[in-house]
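Here is how the chains run, residue by residue.
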Amino acid sequence: MASHSSCDSLSSLDPELAALVRREHERQATTIDLIASENHVSHAVRTALATLLTDKYAEGYPGRRYYSGCGVVDQVETLAITRAKAVFGADHANVQPHAGSQANFAAYQALITPGATILGMDRSHGGHLTHGAEVNFSGKLFKVATYGVDRVTERIDYEQLRAMARQHRPALIVAGASSYPRIIDFAVFGDVAREVGALLMVDVAHIAGLIAGGVHPSPVPYADVVTGTTQKTLRGPRGGFILCKAQHASLIDSAVFPGSQGGPLMHVIAAKAVCFHEALQPAFRTYAAAIVSNARVMAEELAAEGLRVISGGTDNHLALVDLTPLDMTGKQAQDALERAGIIANRNSIPFDTRPPMVAGGLRVGTPAITTRGFSAEEVRTVATLVCRVLRAPTSETVRDDVHRSVLELCARHPLPGLD
Ligand SMILES: Cc1ncc(COP(=O)(O)O)c(C=O)c1O
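Residues numbered from 1 in each chain as written. Predicted model: local features only at pLDDT ≥ 70, side-chain atom pairs only at ≥ 80, totals over all residues.

1. Here's the deal with the nonpolar core
Membership of the largest hydrophobic core comes to 127 residues, with the highest contact counts inside it found for Ala-107, Ile-173, Leu-200, Met-201, Ala-319, Ile-342 and Val-386. It is helix 12 (residues 282-304) that contributes the most residues to this core, eleven residues altogether. Two domains each put at least three residues into this core: domain 1 (48-279) and domain 2 (285-412). (Core = buried A, V, L, I, M, F, W, Y, C linked by C-beta atoms within 7 Å. Buried ≥ 20, exposed ≤ 12 C-beta atoms within 10 Å, placed from the backbone. Helix = DSSP H or I, 4+ residues; strand = E, 2+ residues; numbered from the N terminus. Domains from an automatic or database assignment.)

Right under this line is the structure:
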């Protein structure tokens, strides 16, 4: 296995931790990652994360910090902001949110007050916890109305969205999802929001890289605020960002700091700057297009093997499989696949009757295997391996057979970014 330089230096200082990092390296190198929200960052991103920028306290914003000594980190943050604005064509960018959930918290704080009504996508139809789930701050602080997908097409029911908006008159409509396989029509969301006098927030956490790479329409022209994460399809460090129209800029900035966070993670902001730079390169468009074409191949092959793919396919980086015809839960599928070296997650499907921890579906995504360089043919092979396991989840012969194929595929595609 390739050596991991930051781990090499850890070995003598903290062998216990270094051994764990090595084990995780080994796990990633020898398994196929189909988790739609995961990816493998470049060497440059990982290098930026491991810099001494982590040492600096920089509460505030470039040119307006509380502590001295911020001249250099001001330039780092300004670089990240400039690049984020260039990637998405936005008026304003805030790159400080520690994660996607914190970006959403700050956006809500900037735009609405506790007790206001938000209209977000039902979680079992693809929405995220922070879009109004009872167990999340969003469900506790706000009144929540939800929209979802049509029972037949399994695509967002835009008529229902409009009807719910007219009925509930939300202060804020939230578009965006964690497990929705189709293009989202942000123009319709903008139109509905305008009609009922609501603000529109679009959470592009999952599809930020697809938007940056030009393979999913951008919400920027339609949304008041766009929130996102850098760690998913955008292939950057774990973290959040917020884009907005100029008129919301100061409210957004003060909702992040001092409204909901303390000192920014300057090493992470540096790594975000690197990932935005990478997203501006022509090769990123090729990568984004390959994510989508690989997902399409995956969905087609799963369907050809007789599985029911939600909405009949995919337009983005993920496909959702309905496991109920196989009389299997998402949890059982996830566990059986892991035993064979394939990492995917159980997922609720629209109108699911099972609780989220059991779930009736499986989500499969192609960002990580695309980054690893899997060809369309290899993605097809992965889909057949998934099907073999799902058809015989308890067979040790199938498990061993599939595992051998997984190891062969992984050996052909070493983890990137570790040289
Ligand atoms: C749509 C959406 N928004 C927000 C988040 C939260 O991101 P984080 O895990 O960085 O808090 C996720 C995470 O999966 C997500 O899918």
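So that's the structure; there's more coming.
2. So, the packing of helix 12 against helix 15 (residues 376-391)
Viewed as axis vectors pointing N to C, helix 12 and helix 15 meet at an angle of 40°, and their least axial separation amounts to 9 Å. Accordingly, the angle class assigned to the pair helix 12 and helix 15 is oblique. Remark: the crossing between helix 12 and helix 15 carries right-handed chirality. Contact residues: helix 12 offers Ser-293, Asn-294, Val-297, Met-298, Glu-301 and Leu-302, while helix 15 offers Ala-376, Val-379, Arg-380, Ala-383, Thr-384, Val-386 and Cys-387. (Axes fitted to C-alpha atoms, helices over the stretch in contact; angles between N-to-C directions. Parallel < 35°, antiparallel > 145°, perpendicular 65-115°, else oblique. Left-handed = near helix turned anticlockwise from the far one by under 90°. Contact = placed C-beta atoms within 7 Å.)

3. Points about the site of the ligand
Every one of the 15 residues lining the ligand counts as a neighbour, but Ala-99, Gly-100, Ser-101, Ser-178 and Ala-205 are closest to it. Here the shell around the ligand takes three residues from helix 5 (residues 100-111), the largest share from any one element. Per-class residue counts for the shell around the ligand are three nonpolar, eleven polar and one charged. (Near = placed C-beta within 6 Å. Nonpolar A, V, L, I, M, F, W, Y, C, P; charged D, E, K, R; others polar.)

4. Brief notes about the sheet that holds strand 5 (residues 117-121)
The pairing of strands in a sheet comes from backbone hydrogen bonds and takes either a parallel or an antiparallel form. What the seven strands build is an open sheet, ordered 4-10-9-8-7-5-6; its pairing is mixed. Bordering the open sheet on either side are strand 4 (92-94) and strand 6 (143-147), each of which pairs with just one other strand. Each strand axis lies, on average, 20° off the axis of its neighbour in the sheet, ignoring direction. As judged from the two bridges shared by strand 5 and strand 7 (residues 172-175), these two strands associate in the parallel manner. Its bridge partner being in strand 7, Leu-119 is matched across the sheet by Ile-173. Lying on the sheet, helix 7 (residues 158-168) is in contact with strand 5, strand 6 and strand 7; it crosses strand 6 at an angle near 155°. (Pairing = 2+ DSSP bridges.)

5. Regarding the domain arrangement of the chain
What the domain assignment lists for the chain is domain 1 (48-279) and domain 2 (285-412). The gap between the C-alpha centroids of domain 1 and domain 2 is 28 Å. Contacts between the two partners involve 24 residues from domain 1, matched on the other side by 23 residues from domain 2. Class assignment of the residues belonging to the side of domain 1 that touches domain 2 gives a composition of seven nonpolar, ten polar and seven charged.

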